[in-house]
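Spelled out, the chains give:
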Amino acid sequence: ICSSGKKMGVSPKIAPSMLSSDFANLAAEAKRMIDLGANWLHMDIMDGHFVPNLTIGAPVIESLRKHTNAYLDCHLMVTNPMDYVEQMGKAGASGFTFHVEVAKENWQELVSKIKSAGMIPAVALKPGTPVEEIFPLVEGKPPVEMVLVMTVEPGFGGQKFMPNMMDKVRALRHKYPTLDIQVDGGLGPSTIDAAAAAGANCIVAGSSVFGAPEPGEVISLLRASVEKAQPTS
Amino acid sequence: MSSLAASLCCPSTQVNGFGLRPQRSLLYQPNSFSFSRRRSHGIVKASARVDKFSKSDIIVSPSILSANFAKLGEQVKAVELAGCDWIHVDVMDGRFVPNITIGPLVVDALRPVTDLPLDVHLMIVEPDQRVPDFIKAGADIVSVHCEQSSTIHLHRTVNQIKSLGAKAGVVLNPGTPLSAIEYVLDGEFFCPNTALASVRDDSIVLTRVYHLFLGSVVDLVLIMSVNPGFGGQSFIESQVKKISDLRRMCVEKGVNPWIEVDGGVTPKNAYKESRPARSQKLWLCNVKQQAQKTLLILGKAKKSQKTITQMLMLLPYAIKSIRIKLNSFKVAHLYSSVQ
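The rules behind the values
Residues numbered from 1 in each chain as written. Chains lettered and ligands numbered in written order. Predicted model: local features only at pLDDT ≥ 70, side-chain atom pairs only at ≥ 80, totals over all residues. Heavy atoms only, no water. UniProt positions renumbered as here; feature names shortened; annotations may be inferred. Core = buried A, V, L, I, M, F, W, Y, C linked by side-chain atoms within 4.5 Å. Buried < 20%, exposed > 50% of the residue type's maximum accessible area, 1.4 Å probe, protein only. Helix = DSSP H or I, 4+ residues; strand = E, 2+ residues; numbered from the N terminus. Contact = heavy atoms within 4.5 Å. Polar contact = N/O pair within 3.5 Å; in protein donor to acceptor, adjacent residues only side chain to side chain. Pairing = 2+ DSSP bridges. Phe/Tyr/Trp six-rings, centres within 6.5 Å; stacked < 30°, edge-to-face > 60°. Lys NZ or Arg CZ within 6 Å of the ring centre and 35° of its normal.

- An unreviewed UniProt entry annotates chain B as ribulose-phosphate 3-epimerase of Thlaspi arvense.
- Under the UniProt heading Sequence similarities (unreviewed entry), the entry covering chain B gives this text: "Belongs to the ribulose-phosphate 3-epimerase family."
- Listed in UniProt under the heading Catalytic activity (unreviewed entry), the comment for chain B reads: "D-ribulose 5-phosphate = D-xylulose 5-phosphate".

- Labelled according to an unreviewed UniProt entry, chain A appears under the name ribulose-phosphate 3-epimerase, originating from Thlaspi arvense.
- Quoted straight from UniProt, the Sequence similarities (unreviewed entry) entry for chain A says "Belongs to the ribulose-phosphate 3-epimerase family."
- Regarding chain A, the relevant UniProt record gives this comment under Catalytic activity (unreviewed entry): "D-ribulose 5-phosphate = D-xylulose 5-phosphate".

Written out as structure tokens, the structure reads:
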């Protein structure tokens, strides 16, 4: 809870999830989102094994990179993230988010490799994973620069937001005031206030943006809510 | 004959697992009768888009792996206008092959863009988990790898694909021998259409049996002429022999699946793979139009008693009723063996 009056040194970043876009026209969809005010484009990479769904990989990122300069925030829901660092770097990904559940032993090596490949390292945790497992990665050398708290079980779009995940967000925000904290899963106009109040500043939203009659308005609404809860320095 | 009629037309009778049980003692002589429709293995809800193409056509199926993924809709429309026949969709999961490409959501996005058959190649482990998603998304052909590290239960997965209404294909990596797919290439009797039968005088007349034929379990065989995982590789020459061996195998077995080649195919080497195969005439009984075709079944079946038995045992499979014209001698003889 931000009643302590701490000045949060983080700015809002709204990242529409391209999983909900029209995959036959990815370049056009990307441009539309950026024009409507999105900061990043969230790309969900799933291997059908870590999560029970198969989506896209580096070839799609590579194609998209040729048509946009936007920050491609790639969330890798794969069992072997180490194997993808090089190809994602070459493809032009901006951020590489791996899951802590599959990187318990080798996260240090992974984070260094991500940085050397020119991407921003970030770590994600599933609803069932305790937030304490993340602390070493935020404090590590080199540290992860963002934490993604999943607010649904990863694998599919359109799921319901889990409010109890906000405890994790609060814990992280309290401990690391300047850390980028991202939330993904069921975020929209009805759930954004809870997330923003808990301290999240990077918001991933799929169906609530793409499914809205006016996606631009939803993006602005999400940003306003984060700004209200977290004044930028 | 009346007893024969009875035995043939008793509803929900079973013999040896096939819907027929001779009960000579039964006295029953309806004018027409129906069999309980027993689900015949291999009933295919044919994907109409694929059936428009003949097996002897040369089909060009560009792979979207080489497309601009950011403009997939445009690219697919462009190749369609350029005259291609199918769209080949390479699905990879980073585990069976070292790359992740696309999943069902991309097929779903492409389906409204084109009416060309979507020919989906699953280079993934446990494809049976993803098959329903792809077919729901609109895939017309779903091909799975025969290698154990991908598909553990090949026959079951192929039948799963067909039961969901798509065409089923099987894929071989360059190092995999043709013997790996022998049993899914084998012919099985299908009778996907219905037939009509009635008793006339003291004979049972077969008038319409549609397409009782010997077909392979798989609709398509895909020979990989590169190691799957990436586009832009060079064609592996040794696979040309595999293609001709496959053709020969199909002719010997009397089956006629699509034969597809993927990997490094260019205008320069396409001629090697596509020498037209001599089409094998399927043992096809289409007696819809001509009554004498009824005799065709038996004509061919004359060759062996066993075949007559098999034919007749299978006829009730997917049919409502049958008319079989037989002379009494043959029938009596037949029924003794069916028993």
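Next comes the rest of the write-up.
**Description of the nonpolar core**
Now for step 1: In this structure, Ile61(A), Met88(A), Phe98(A), Val147(A), Leu172(A), Ile64(B) and Ile181(B) are the most contacted members of the largest nonpolar core, which totals 128 residues.
Now for step 2: With 5 residues, helix H4 (residues 104-110) of chain B is the single largest residue contributor to this core.
Now for step 3: In contact with Leu172(A), not counting residues within four places along its chain, are Val131(A), Ile134(A), Phe135(A), Val147(A), Val149(A), Leu179(A) and Ile181(A).
Now for step 4: In terms of nonpolar packing, the next biggest core, distinct from the first, is built from 10 residues, Trp86(B), Ile141(B), Val171(B) and Leu220(B) among them.

**Digging into the UniProt feature "binding site: a divalent metal cation" (unreviewed entry) in chain A**
All names here are of chain A.
Now for step 1: Within the UniProt annotation, "binding site: a divalent metal cation" (unreviewed entry) is assigned to His-42, Asp-44, His-75 and Asp-184. Taking the farthest pair of C-alpha atoms as the criterion, the annotated set spanning 143 residues converges on one region, since that pair is 10.5 Å apart.
Now for step 2: Within the secondary structure, His-42 sits in strand S2 (residues 40-46).
Now for step 3: Other than its neighbours up to four places away in sequence, His-42 contacts Ala-15, Pro-16, Ser-17, Met-18, Asp-73, His-75, Leu-148, Gln-182, Asp-184 and Val-204.
Now for step 4: With respect to the helices and strands, the residue His-75 is situated in strand S3 (residues 71-77).
Now for step 5: For His-75, a relative accessible area of 0% gives the class buried.
Now for step 6: Ignoring sequence-local partners within four residues, the contact set of His-75 consists of His-42, Met-43, Asp-44, Ile-45, Thr-97, His-99, Ala-124, Leu-148, Met-150 and Asp-184.

**Brief notes about the side chain of His145(B)**
All names here are of chain B.
Now for step 1: Note that His-145 resides in strand S3 (residues 141-145).
Now for step 2: Accessibility expressed as a relative area gives 0% for His-145, which makes it buried.
Now for step 3: There is a polar contact of 2.7 Å between the side chain of His-145 and the side chain of Glu-147.
Now for step 4: Looking at His-145, its side chain comes within polar contact range of the side chain of Asn-173, at 3.5 Å.

**Some remarks on the pairing of strand S9 (residues 220-224) of chain B**
Residues and elements named next belong to chain B.
Now for step 1: Here S9 lies mainly inside the structure; 5 of its 5 residues are buried.
Now for step 2: Alternating positions in S9 separate into two faces, Leu-220, Leu-222 and Met-224 on one and Val-221 and Ile-223 on the other, with burial throughout.
Now for step 3: Judged from the 4 bridges that link them, strand S4 (residues 167-172) and S9 form a sheet pairing that is parallel. Across the sheet, the residue bridging to Val-170 is Val-221, located in S9.
Now for step 4: As paired elements, S9 and strand S10 (residues 258-262) share 5 bridges and run parallel to each other. When the sheet's bridge partners are listed, Met-224 is paired in S10 with Asp-262.

**Side note on the packing of aromatic side chains**
Now for step 1: For the structure shown, the criterion picks out 4 aromatic pairs over all chains.
Now for step 2: Here Trp40(A) and Tyr71(A) contribute two aromatic rings whose centre-to-centre distance is 4.4 Å and whose plane-to-plane angle is 20°, an arrangement assigned as stacked. Here Tyr71(A) lies in strand S3 and Trp40(A) lies in strand S2, a separation of 31 residues in the sequence.
Now for step 3: We classify Trp40(A) as buried; its relative accessible area is 9%.
Now for step 4: For Tyr71(A), a relative accessible area of 22% corresponds to the partly exposed category.
Now for step 5: Through a chain of ring-to-ring contacts, three or more aromatic side chains come together here, namely Phe53(B), Trp86(B) and Trp258(B).
Now for step 6: The ring centre of Phe50(A) lies 4.9 Å from the NZ or CZ of Lys126(A), which sits over that ring.
Now for step 7: Lying over the aromatic face of Phe135(A), Lys175(A) brings its terminal NZ or CZ to 4.6 Å of the ring centre.

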